[in-house]
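The chain contents come next:
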Amino acid sequence: MLAFKAGNERAFHDLFDKYKKQVVNYCYRFCGHREVAEELAQEAFLRIYRAAPRYRPKARFRTWLFKIAANVCLNEIRRPVYRHQLESLDQLPERDSGRAGPDIELADAERQRMVRLAIRELPDKQRAALLLRVEGEFSYKEIAAQIGRSANHVKTLIHRGRLALRQKLALYLGE
Amino acid sequence: MKDICGNNSLLSAYLDNELDDVRRLEVSGHLEGCAECRRQLAALQAADAMIRDADAIEPSATFERRFWSKVSALERHRPPAWKRWLQPGWRPAMAVGLTAGIVLCALILAGDRKAPSLEDIIISENIELLTDYDLIRHLDILENLDALEAMKEKS
């Protein structure tokens, strides 16, 4: 990022290539909708691009990137344009076919859909914190800085998020 | 161990490796002997695994192209450098800069004027007294002293 700030355009291309899949998937898990997730991920990268002249490395670049991605998800998802798209949710992603029999595939697809819905039904901050922990593998301290809460609050958010997921997915967790 | 058994919040932090060493050892010790807490921990781990195993997607084929189009549009609409200084975000910085410039100019101009010497001050304070002396009143004669001496030598 410092190289890009110094004028090396190639450096931003490299960052984009390195992190695009991670950011798209964070947004996808957050909202459960492919097109919306891609729009959110692009918005996050655009904000990084615009912020480059003011960039000061206070934390790992990845921590900063996901802070922006999490905030884009938390704020942008309320916009009417995304809300409409999310209401028509539940499209399934393309999966490798021919891997297993149709029944198994169907059951797997249904389980995936239920997991996505369960995550999406979590309150926004719980979802953001839990995904930053499980998906991003950030520490409570890092997540606290990313979503603007204390580390103790993050601990509570993650714990409650896990409990809620356990309840919603009890059927699939064999409980 | 009472505060450990059934404490899901603690188990959640344990799972995330967010406990200090002492607490971590306490929880580990408790888990060895408590089947119910082991079951709770396994359920939390399973919930995490479901999130991790949830279908990951590849960015679509047009993802990258759409992003760079947005960057190009951003660059096209970006005002030139001099105009960016007039944007609201820069106004406080500009005001501070202008004020500093004005103060600096004033200081430089003030620095060009020489301070009056002690002798000048004494003369200005005693100017009336000094003009009472004939010598001082006819001081202009001294300016032609050389010419007077030359005339004296000729005569």
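Residues numbered from 1 in each chain as written. Chains lettered and ligands numbered in written order. Predicted model: local features only at pLDDT ≥ 70, side-chain atom pairs only at ≥ 80, totals over all residues. Heavy atoms only, no water.

Q: What should I look at first to understand the packing of helix α3 (residues 34–51) of chain A against helix α4 (residues 63–76) of chain B in this one?
A: Helix-helix packing is described using two parameters, namely the angle between the two axes and the distance between the axes. At a minimum axis separation of 10 Å, α3 of chain A and α4 of chain B run at an interaxial angle of 40 degrees. Relative to α4 of chain B, the element α3 of chain A is oriented oblique. Between α3 of chain A and α4 of chain B lies a crossing of right-handed hand. Where α3 of chain A approaches α4 of chain B, its residues E38, E39, A41, Q42, F45, L46, Y49 and R50 of chain A are matched on the opposing element by F63, R66, F67, K70, V71, L74 and E75 of chain B. Taken together, the residues of the contact of α3 of chain A with α4 of chain B sort by class into eight nonpolar, one polar and six charged. (Axes fitted to C-alpha atoms, helices over the stretch in contact; angles between N-to-C directions. Helix = DSSP H or I, 4+ residues; strand = E, 2+ residues; numbered from the N terminus. Parallel < 35°, antiparallel > 145°, perpendicular 65-115°, else oblique. Left-handed = near helix turned anticlockwise from the far one by under 90°. Contact = heavy atoms within 4.5 Å. Nonpolar A, V, L, I, M, F, W, Y, C, P; charged D, E, K, R; others polar.)

Q: Can you help me understand the pattern of salt bridges in this one?
A: A side chain with one charge can pair with a side chain of the opposite charge if their charged atoms come near. Tallied over the full model, the rule gives 22 salt bridges over all chains. The residue K20 of chain A makes a salt bridge to D17 of chain A at a minimum N-O spacing of 3.8 Å. A residue pair is termed a helical-turn pair when its members lie 3 or 4 positions apart in one helix, as K20 of chain A and D17 of chain A do in helix α2 (residues 9–31) at three residues. Linked through salt bridges whose partners overlap, the residues forming this network are R34, E38 and E39 of chain A together with R66 and K70 of chain B. (Salt bridge = Lys/Arg side-chain N within 4 Å of Asp/Glu carboxyl O.)

Q: Help me understand the interface of chain A and chain B, please; the structure alone is not making it clear to me.
A: Bring the parts together and some accessible area is lost; that lost area is often taken as the interface size. Listed per partner, the contact involves 44 residues of chain A and 34 residues of chain B. Buried surface at the junction of chain A and chain B, both sides included, amounts to about 4,000 Å², of which 61% is carbon and sulfur. Taken as a group, Q42, R162 and R166 of chain A account for 16% of the area that chain A buries against chain B, more than any other trio of residues on that side. Linking chain A to chain B there are eight salt bridges. (Buried area = accessible area lost by both parts, 1.4 Å probe.)

Any functional reading would require information beyond the geometric quantities listed.
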